[in-house]
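Summary of structural features
Residue-level listing of the chains:
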Amino acid sequence: MFIIKKIDKKSIIVFAAFVLLIVFVIARTAFCGNPESFAYCEGIGKYRTEISENFSAEDFCSQFGLSIDMTSETKEYITIPSEFNEVYKNYNNLQTRQGFNLEIYKGKKAERRTYGVINAAENSELKVNIIIYDGRVIAGDLCTVSLDGTMTTLSDKTLIQK
């Protein structure tokens, strides 16, 4: 014996809306990429954060006008502290200005890569640091290597040759 239930218009509309939502999510992922693969900062706009075989650290840095010396690469594994002291709070403030937020990575292990910047301003030993977690850049900075050095955002053009 079969029971036939009459389907009302409200149920059909709810089901159709659900199907449309699923189609939208699939299409957005397929055509726009993973939204976590991008960040936004004032000086650059939207930029890609993924590090993969198809998009290297060199490609990432070039989005900011940085030419890096890949032969100078150093790698270090770090743990983002579970509680931020003043230094990390200030560093995270720098990161939020360029679309990152280390708060969500507290306690996580990540990789810091450092490169020499080829197109650094005259008399500057400029380095770029990028911190990578799960195949994505989650933080980065430009810094000068000196006792009275500076640290700034990746998009700061004052340390780059014009």
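A brief look at the structure comes next. (Residues numbered from 1 in each chain as written. Predicted model: local features only at pLDDT ≥ 70, side-chain atom pairs only at ≥ 80, totals over all residues. Heavy atoms only, no water.)

Remarks on helix α3 (residues 86–96)
Defined as follows: Buried, partly exposed and exposed residues are distinguished by accessible area as a fraction of the type maximum, computed with a 1.4 Å probe on protein chains only: under 20%, between the cut-offs, and over 50%, respectively. The numbering of helices and of strands both runs from the N terminus, where a helix is a DSSP run of H or I of at least 4 residues and a strand a run of E of at least 2. Taking the helix axis as origin, the arc is that swept by the directions to the C-beta atoms. Working rule for contacts: check all heavy atoms of both residues, and any pair within 4.5 Å makes them a contact. Polar contact is the term for a pair of N or O atoms within 3.5 Å; when the atoms are in protein, one must be able to donate a hydrogen and the other to accept it, and sequence-neighboring residues count only if both atoms are side-chain atoms.
Three or more residues of α3 are buried, namely Y91, N92, L94 and Q95. The buried residues of α3 occupy an angular sector of 150° when projected down its axis, which confines them to one face. Contacts from the buried residues of α3 go to β5 (126–133), β6 (136–144) and β7 (151–152). Residue N85 occupies the N-cap position of α3, its side-chain oxygen lying 3.1 Å from the main-chain nitrogen of V87.

Let's talk about the packing of aromatic side chains
Definition in use: Stacked, edge-to-face and tilted labels apply to pairs of Phe, Tyr and Trp rings (six-membered ring for Trp) whose centres lie within 6.5 Å, assigned for plane angles under 30 degrees, over 60, and everything in between, in that order.
Inspection of every chain in the model, using the stated rule, returns 7 aromatic pairs. Between Y47 and F60 the ring centres are 6.1 Å apart and the planes differ by 65°, which places this aromatic pair in the edge-to-face class. One end of the pair, Y47, is in strand β2 (residues 45–48); the other, F60, is in helix α2 (residues 57–62), with 13 residues separating them in the sequence. The exposure classification of Y47 matches that of F60, with both residues buried. Ring centres of Y47 and F100 lie 6.0 Å apart, and the angle between their planes is 80°; on these two criteria the pair is classed as edge-to-face. Highlighted residues: Y47 in strand β2 and F100 in the loop between α3 and β4 (109–117), separated in sequence by 53 residues. A residue is classified by how much of its surface remains accessible, and F100, at 7% relative accessible area, is buried.

Regarding the side chain of T153
Assignment of secondary structure puts T153 in the segment after β7. Apart from residues no more than four positions distant in its own chain, T153 is found in contact with L94, R97, Q98 and L142.

Geometric descriptors of this kind do not, in isolation, establish any biological role.
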